[in-house]
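Summary of structural features
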Amino acid sequence: MKVVLEHLTKIFPSRNKKDKNAEVVAVNDFSLEIPDGKLIGLLGPSGCGKSTTLFMISGLQEPTSGRIFFGENDVTKLSPENRGIGLVFQNYALYPHMTVQQNILFPLQNLKGENRLSKEEMLERATKVAKLVQIDEFMDRKPSELSGGQQQRVAIARALVKMPRVLLLDEPLSNLDARLRLQTREEIRRIQRDTQITTIFVTHDQEEAMSISDYIVVMKLGVIMQTGKPQWVYDDPANLFVAKFLGSPPINMLSGKVEGGALYIGNERVLEVPELEDREVYIGIRPEGFLLRANGRLTCKVSGIDVMGRDISVVSTNENSLNPVVRSIISADEIGNAEGDTARFDLKPHKVFLFDKETEERIYFGEQVAAHEKIIAQMKAEGQDYVTHEGPLPREADDRSSSEQPPEEKKGILAKLKGLLPKKREKAADEQPEPVEQPEGQDDKE
Amino acid sequence: MDKKKNQWKAWLYLLPAIVLLLVFTVWPIFNTIRMSLLKDYDDLAAIGGATFEFGFANFAKVISYRGFLTCLGNTVLLTVITVPISTMLALLIAVALNSIKWLSKIFQTIFFLPYVTNSIAIGMVFMAMFSMIGGGPTTEPVSIGIINTIIEACGGTRINWVNAGSDYWSNMFVLIIYIVWNALPFKILVLLGGLQGVNKQYYDAAKVDGASRLRTFWRVTVPLLSPMIAYVVITGFIGGFKEYSSIVGIFGESMGPVGNPGSLNTMVGFIYDAITNNPGRASAAALILFAIIFAVTMVNLYVSKKRVHY
Amino acid sequence: MTENINAVSDEQILPAPPKGMKERDIRKVSKKQTVLKVLAQIGLYVFLTVIAIAVLFPFYWMLISSLKTLNEYNATVPTLWPQEFLWANYVTAFTGELELGQLFLNTVIVGVVSTILSLVVTVLSAYAFARLEFKGKNALFAALLATMMIPGELFTITNYVTVSAFGWLHTYTVLIVPFLVSVFYIYLLRQNFLQIPNELYLAAKVDGTSDLKYLWRVMIPLSAPTLVSITILKMMGAWNSYIWPRLVANDTMHRLVTVGLRGAAFVDEATGMTNFPAQMAAVVIVTIPLLLVFIFFRKYIMRGVSRSGIKG
């Protein structure tokens with residue numbers, strides 16, 4: 001079942017009666033088509049509206065505006081039980097007074113009318129699902145007698161037993177310890193492959209999302225920042241936020257400028273970018289984008305070297321770096337190219353991303369332009385929209401006191417705005433004219 | 001050294017409490033047991049040097065009293081009827097209060113009002129509402145009272161609830177209404193507090209699982225609230241067995257309608273009636289009451305241990 | 001383990017999801033849902049309103065009855081609003097055999113004195129149990145808690161004998177002293193004291209503050225809400241107490257308000273019938289202070305009550 005979200009917006013009313021403007025826009029004009037049978041990761045920092053989006057898809061929260069389609073059907077007004085969804089809560093919300101089996105049976109016992117099952121059928125189904133998630137040996141235990149990972153699987157079983165058309169998982173791994181997390185995420189991947197149920201899961205952990213999702217959706221302040229296959233989003237971030245959010249170790253950010261067709265960091269000419277105009281830019285360099293050369297163009301001061309087997313991580317400093325250190329990962333045989341504590345790097349052009357200092361949007365150069373076009377074409381071929389966010393965000397880091405958080409959204413501080421709708425463009429990457437855009441400059445007024 | 005100094009200081013702080021407790025709490029425990037075992041114990045006679053036969057004579061006497069059996073019956077009946085009714089009603093009200101937003105605070109305040117009232121005083125109001133004025137066994141009453149008026153307006157027939165010649169079950173009915181009215185606030189308060197402490201996610205989960213309101217109530221709310229329900233039931237039983245002032249409020253110290261005094265007396269009433277002239281017998285009755293309350297509480301605890309989840 | 005997974009997955013565990021509903025069905029279901037939701041909300045409000053009326057009706061009846069003339073009250077068809085307001089009922093209530101003025105005075109004296117003394121005793125004991133170290137502290141505290149399980153009637157009998165022997169019958173003392181110590185309040189306050197971090201105490205010690213001064217300047221202000229709860233409940237207890245006062249001080253000079261109210265006959269001299277309006281006026285006078293206290297201290301009362309289950 002494909003899931004289509006059209007202009008979903010969720011505004012939590014102001015809790016403070018005196019300050020009517022304190023309302024919180026948790027999700028802002030969110031449009032996305034989620035293809036059938038895929039595993040989608042909704043990814044973003046806390047407070048980005050990802051959980052709210054999930055709860056709107058589940059029907060537990062009603063969107064302020066916008067529509068939700070399951071297949072061709074508009075389910076926006078349907079209550080959760082009529083949507084055919086399964087939902088796994090962050091803390092599982094297993095009924096503490098019921099055994100594992102009773103927990104799994106509960107959704108089946110609620111079926112009415114023609115969907116009603118006989119007792120035997122219910123038991124059979126519950127047993128099958130329990131086997132699928134491998135908890136069939138604990139059927140008579142209470143949730144409190146299970147480990148976190150086992151509880152997690154019971155929660156998944158309870159969500160699956162009704163054979164949902166869409167499976168929703170809210171931070172499914174956040175309550176597990178590191179080892180279990182790794183194991184369980186493979187488990188989720190396996191279960192999703194076995195059942196082929198369209199699955200949407202929410203996480204703030206980029207590694208988690210990257211490792212098991214078919215597609216990821218990166219969100220910030222209730223707005224989609226970029227969509228795509230994990231590798232594509234990593235290789236071709238559309239803006240500064242996405243570039244910084246994905247990748248471990250994180251991307252190195254430096255300040256620089258384009259002048260006379262070349263990219264400068266400080267006064268070192270690091271790359272040739274003949275087609276670009278002169279401007280100030282942010283430069284993001286993935287750690288694996290460095291080549292240590294005796295006559296490399298970028299000079300850094302080495303402050304530490306970590307040997308990680310085949311690869312070596314060089315920790316160095318550069319005065320134009322926006323982070324305390326520049327971290328590069330190079331292959332072990334290059335290390336001989338360093339002289340004393342000075343490292344000279346050449347940069348791999350496809351690992352270097354330039355961003356406009358004002359809009360923080362990506363500036364493509366050289367072969368990146370073609371690579372970018374290719375990714376968009378591939379996404380179209382797979383029936384996926386390529387969605388990014390352009391223009392300023394509705395509200396950048398306007399930290400409101402946490403006491404004013406809306407009751408429903410426990411995940412932090414969200415965009416506050418009224419009458420300040422962001423511009424978002426969907427590059428459908430086809431030949432049709434792009435949707436009507438508001439004239440440039442509108443942004444400034446807002 | 002400092003420690004030693006603190007020792008006597010602590011006892012100094014505790015001194016007033018301990019003295020008072022020794023005299024008015026600890027000593028009574030022993031003395032009540034002692035008096036209950038001395039046949040027809042009398043204080044003044046005891047000071048005069050009289051001795052009393054030791055044994056269970058007081059208990060035997062108390063149990064053989066018809067008056068005592070009436071009191072015991074009334075007490076058990078009132079408790080067994082009012083506790084389930086008030087608990088169920090309080091549960092429904094608490095759940096209803098918990099699922100509305102608008103006006104919820106006002107309703108909460110209204111439902112708590114009976115708690116802060118004087119149960120004797122409001123008992124008199126109930127008496128006034130149920131009682132007929134004037135008239136006798138053969139003559140028509142001057143006024144049949146507001147409750148009977150309402151009943152007749154709804155097509156029923158009037159009943160002699162509390163006046164002279166009224167029957168036992170009519171009296172009981174009025175008492176039950178009043179006791180439930182009086183017992184609701186505390187139960188609502190505790191159950192509502194419990195409900196507000198239940199993680200909202202269980203209800204979200206129940207919604208996703210497609211449970212109807214009714215099923216959610218029975219399969220999720222009641223089990224999750226079972227510790228609170230047990231608490232309310234246990235304290236309800238204890239309070240029920242000590243019922244006294246509600247009856248005084250409505251029927252006065254005669255503990256019954258005019259012409260039938262004592263017909264509605266309770267265990268506590270029996271004890272108080274005996275205090276002044278026969279403390280030995282009162283003690284025996286009090287110990288019997290204590291034993292009953294203790295046993296019922298143990299049964300309650302046992303049942304709730306089996307039924308209360310987690 | 002892996003084998004197991006394969007075995008399960010090969011079997012195609014979950015049949016194809018049920019076919020999606022038709023557009024029209026969905027609209028129908030959505031509509032039905034909305035209607036049900038609205039109906040349920042209406043049902044809830046109707047239910048709560050009915051109960052609220054049942055709860056409030058006695059108060060309403062008490063108020064309007066207290067203002068009716070005796071004739072109107074005795075009318076064949078009771079009126080729901082007084083035809084004329086007879087404030088004289090309140091005068092009758094005050095001046096009749098009831099002697100409300102004296103009752104109020106007695107009750108206020110007993111209430112205030114017993115509350116103050118009780119607070120002192122409770123604070124000192126709670127402080128000792130919460131902050132001071134001494135031998136047998138835990139055993140003593142457990143013993144105290146154990147006495148809470150015993151019904152009060154058991155104490156009353158001996159206490160009656162005791163106060164008679166002390167010659168305290170028909171005095172204020174007998175109304176104040178025997179129930180000064182409440183184990184429950186000590187428990188409540190001790191829990192509150194325990195929540196105050198010990199570092200504060202140590203810091204005060206370093207500064208050379210005496211125990212009493214620390215108690216007065218730090219502990220008491222920080223526990224003010226609990227102390228307010230105790231004060232109100234204790235005062236309400238004096239106002240509502242009936243059984244003990246009737247037993248030991250049922251004379252004009254020391255009678256408390258509830259005892260007096262229940263004892264008075266309210267007979268109309270002309271007709272010989274019960275003067276319900278005057279009686280209701282007296283009931284209103286007794287009830288109003290409680291309602292006022294409730295309105296102003298609702299939070300404290302509810303906080304104390306939800307933890308006790310003991311009335312008054």
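Details of the structure are given in the entry above.
Attention here is on the structure that accompanies the text. (Residues numbered from 1 in each chain as written. Chains lettered and ligands numbered in written order. Predicted model: local features only at pLDDT ≥ 70, side-chain atom pairs only at ≥ 80, totals over all residues.)

**Details of the nonpolar core**
Within the largest apolar cluster, 273 residues are counted, with the highest numbers of intra-cluster contacts made by Ile-271 and Ala-285 of chain B. By residue number, the principal contributor to this core is helix 15 (residues 276–306) of chain C, which donates 15 residues. Leaving out residues up to four positions away in the same chain, Ala-285 of chain B has contacts with Val-62, Phe-68, Met-267, Phe-270, Ile-271 and Ala-274 of chain B. (Core = buried A, V, L, I, M, F, W, Y, C linked by C-beta atoms within 7 Å. Buried ≥ 20, exposed ≤ 12 C-beta atoms within 10 Å, placed from the backbone. Helix = DSSP H or I, 4+ residues; strand = E, 2+ residues; numbered from the N terminus. Contact = placed C-beta atoms within 7 Å.)

**Remarks on the sheet that holds strand 1 (residues 3–12) of chain A**
By definition, the strands of a sheet pair up through backbone hydrogen bonds, in either a parallel or an antiparallel sense. All names here are of chain A. Overall, antiparallel pairing links the 4 strands, which are arranged 2-1-4-5 in an open sheet. Sheet topology places strand 2 (24–34) and strand 5 (73–74) at the edges, where each strand pairs with a single neighbour. Relative to strand 2, strand 1 is paired through 7 bridges, and the arrangement is antiparallel. By the bridge assignment, Lys-10 is partnered in strand 2 with Val-27. Along the sheet, helix 1 (residues 50–58) contacts strand 1, strand 2 and strand 4 (65–70); its crossing angle with strand 1, the most-contacted strand, is approximately 115°. (Pairing = 2+ DSSP bridges. Axes fitted to C-alpha atoms, helices over the stretch in contact; angles between N-to-C directions.)

**Some details on helix 4 (residues 148–160) of chain A**
Residue and element names in this part refer to chain A. Given a rise of 1.5 Å per residue, 13 residues ought to cover 18 Å, and the 18 Å separating the end C-alpha atoms of helix 4 matches this to within 8%. Among the 13 residues in helix 4, 10 count as buried, and that is most of the element. Those residues of helix 4 that fall on the buried side of the exposure criterion are Gln-151, Gln-152, Arg-153, Val-154, Ala-155, Ile-156, Ala-157, Arg-158, Ala-159 and Leu-160. Lining the buried residues of helix 4 we find strand 6 (85–88), helix 2 (100–109), helix 3 (119–132), strand 7 (166–170) and helix 5 (178–195). (Expected span 1.5 Å × (residues − 1).)

**Thoughts on the sheet that holds strand 21 (residues 362–363) of chain A**
Residues and elements named next belong to chain A. Pairing is antiparallel in the open sheet, where 6 strands are placed in the order 13-12-11-14-20-21. Each having just a single partner strand, strand 13 (268–272) and strand 21 make up the two edges of the open sheet. Sheet topology note: the strand 11 (residues 252–259)/strand 12 (residues 262–265) ladder contains 3 bridges and is antiparallel. Across the sheet, Val-258 pairs through a bridge with Leu-263, a residue of strand 12.

**As for the packing of helix 6 (residues 119–130) of chain B against helix 8 (residues 168–197) of chain B**
Residue and element names in this part refer to chain B. Orientation of helix 6 relative to helix 8, taken along the N-to-C sense of each, is 140°, at an axis distance of 11 Å. Considered as vectors, helix 6 and helix 8 are oriented oblique to each other. Note on packing geometry: the crossing formed by helix 6 with helix 8 is right-handed. Each of Ser-119, Gly-123, Phe-126 and Phe-130 in helix 6 lies in contact with helix 8, whose residues at this interface are Val-174, Tyr-178 and Asn-182. Residue classes in the contact of helix 6 with helix 8 are distributed as 4 nonpolar, 3 polar and no charged. (Parallel < 35°, antiparallel > 145°, perpendicular 65-115°, else oblique. Left-handed = near helix turned anticlockwise from the far one by under 90°. Nonpolar A, V, L, I, M, F, W, Y, C, P; charged D, E, K, R; others polar.)

Any functional reading would require information beyond the geometric quantities listed.
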